[in-house]
Structure formats: C-alpha cells, structure tokens
Amino acid sequence: QIDKIARNIAAELLAAAEMAEKEKLDAYNGLVAQADSLLGVKNYSDSKDKYQQALAVLGKEYPKSKIKEIEGLLAQNKKSEEAYTNLLANANKFMQDKKYSQAKETYTSALGIKPNADQPKQKLKEIEGLLSGLAAMQALDAKLAAKKESDLQAKYDGLIIAADALMVDKSYMQAKAEYEKAFVLKSGELYPKNQIALINSTLA
C-alpha cells in the first residue's frame, strides 16, 4: 500500500508538472501570437513588450531574435523621423524664401520617407499652383515684352524710312531730326548715328 501511495503521489506530481509546463507553453504561444500580430501592423512598442513577456515565460530564441529585430527597426525609424523633420524644415525655409523648385524637390524627398504624410502633399499641391501661376505670368510678360519690342521696331523703322526719304530729297536738317529720333529709340543702332555724322559732314 505504501508503494502504491508513493507511485500515485509520483504520478500526481508528474501530471502537475506536465500541466504546469503545458500552461506555460500555452501562455508563451499566446503571447508570441499577440506579439507577431502587433509586429505585423508595425506596433513595435507593444509587440516588443509581448515578446519580452513571452521570453520571461520561456527563455526561447524566437522572442530574443524578434526583440533584437524590433530594436533595429525602432533605431531605423528614429533616423527616418529625424531625416523627415530636417527635410521638412529645409523645405519650409525654401517656401519662405520663394525658392519653389528647391522646396518642391525637398518636399518630394520628405514624402519618400513618409508617403502618407499630409503636409508634404499639401505643400506640393500649393507649389504646383504657384509655379503654374508664375509660368502664366512669365508667358504674359514675355508676350508683352515681345509686343513692346515689335512696336518699338516698327516705330524705329518708320523713322528711318522717313529720314532716308528726306536724305534723297537733300532735306538734311529734317532728315537729321528723324535720324536723331530713331537713335533715341534704339541707341545701340549704328545706322542712324552714322547718318547723322554724314549729314553733319555734308552740311559742314
């Protein structure tokens, strides 16, 4: 009977130990499953916490390797966050200085780090509008400048034609006056200057 009782006690102790081990394994597996799920949605802080709890239950290699992986990701994220913040600050400075091309390039780089960030997207949209407006203004300015140059050339040509006709008629003083008007309009032109010199020489 004593031997039988001893065997029963040993069996109960073994069963209790096996039950405790099974409970530990179940708890470990549950914590690892939660940690894996949190890691999958990039909730690194809570995921690391669950892996640490799992490691405390059973000192296996898997949670250790995952904790190390998360620490690497957190360090990388910190660097990315710093880079993003610096790029955003530089881009905002370019915007203040109205250096829109540089601002556009820098906001695009920031968006490359954080594709879902709202501020770079909004700023890029704003820059597109500003650049479009500037391009329209530049096109209008160029058109007005071309018209102004065309009108000036037409006026200049008219004065030269009139002056040349007066030269043919030997009306030197009137021709000189027309050449002088033409020279005032386009002082870089040599023809009216040379004609004025010729008239002065002829009159002398």
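So, here is what we can say about the structure in this document. These figures come from a predicted structure and were not determined experimentally.

1. Details of the environment of Leu88
You can see Leu88 is positioned in helix H3 (residues 61-96). The buried category is assigned to Leu88, whose relative accessible area is 11%. Residues Leu88 and Gln119 lie 31 residues apart in sequence; the distance between their C-alpha atoms is 8.7 Å. In contact with Leu88, other than residues within four places in its own chain, are Tyr107, Gln119 and Pro120.

2. Quick look at helix H5 (residues 118-168)
With 51 residues, H5 extends 75 Å between its outermost C-alpha atoms, agreeing within 8% with the 75 Å of an ideal straight helix rising 1.5 Å per residue. Within H5, burial applies to Pro120, Leu124, Ile127, Tyr156, Leu159, Ile160, Ala163 and Met167. Positive backbone phi, at 60°, marks Lys170, one or two positions downstream of H5.

3. Here we look at the packing of aromatic side chains
Taken as a whole and judged by the stated rule, the model has two aromatic pairs. Aromatic side chains Tyr51 and Tyr62 sit 6.1 Å apart centroid to centroid with 75° between the ring planes, which places their arrangement in the edge-to-face category. Of this pair, Tyr51 sits in helix H2 (residues 44-57) while Tyr62 sits in helix H3, and the two are 11 residues apart along the sequence. Residue Tyr51 is classed as buried on the basis of its relative accessible area, which comes to 0%. Judged by its relative accessible area of 34%, Tyr62 is partly exposed. Measuring from ring centre to ring centre gives 6.0 Å for Tyr179 and Tyr191, while their planes differ by 80°; the resulting arrangement is edge-to-face. Taken as a pair, Tyr179 in helix H6 (residues 172-185) and Tyr191 in helix H7 (residues 190-203) lie far apart in primary sequence, 12 residues in all. The exposure class assigned to Tyr191 is partly exposed, which follows from its relative accessible area of 36%.

4. Some remarks on the side chain of Thr106
For Thr106, the position within the fold is in helix H4 (residues 100-113). Residues in contact with Thr106, not counting those within four places in the same chain, are Leu87, Asn90, Ala91 and Phe94.

5. A few points about the packing of H5 against H7
Remark: H5 packs on H7, axes separated minimally by 12 Å, with the N-to-C direction vectors making an angle of 25°. Taken together, H5 and H7 sit at an angle that is classed as roughly parallel. In this structure, the crossing between H5 and H7 has a hand that is left-handed. Judged by residue contacts, Tyr156, Ile160, Asp164 and Met167 of H5 engage Tyr191, Pro192, Gln195, Leu198 and Ile199 from H7. Residue composition of the contact of H5 with H7, by class: seven nonpolar, one polar and one charged.

6. Some words on the nonpolar core
Counting residues in hydrophobic clusters, the biggest one holds 12 residues: Tyr84, Leu88, Ala91, Met95, Tyr100, Ala103, Tyr107, Ala110, Leu111, Ala117, Leu124 and Ile127. Listing elements by their share of this core, those giving two or more residues are H3, H4 and H5. It is H4 that provides the largest number of residues to this core, a total of five residues. Not counting chain neighbours up to four residues away, the residues in contact with Leu124 comprise Lys104, Tyr107, Thr108 and Leu111. In this structure, Ala163, Tyr179, Ile196 and Ile199 belong to the second largest nonpolar core, which totals 10 residues.

Conventions used here
- Residues numbered from 1 in each chain as written.
- Predicted model: local features only at pLDDT ≥ 70, side-chain atom pairs only at ≥ 80, totals over all residues.
- Heavy atoms only, no water.
- Helix = DSSP H or I, 4+ residues; strand = E, 2+ residues; numbered from the N terminus.
- Buried < 20%, exposed > 50% of the residue type's maximum accessible area, 1.4 Å probe, protein only.
- Contact = heavy atoms within 4.5 Å.
- Expected span 1.5 Å × (residues − 1).
- Phe/Tyr/Trp six-rings, centres within 6.5 Å; stacked < 30°, edge-to-face > 60°.
- Axes fitted to C-alpha atoms, helices over the stretch in contact; angles between N-to-C directions.
- Parallel < 35°, antiparallel > 145°, perpendicular 65-115°, else oblique.
- Left-handed = near helix turned anticlockwise from the far one by under 90°.
- Nonpolar A, V, L, I, M, F, W, Y, C, P; charged D, E, K, R; others polar.
- Core = buried A, V, L, I, M, F, W, Y, C linked by side-chain atoms within 4.5 Å.

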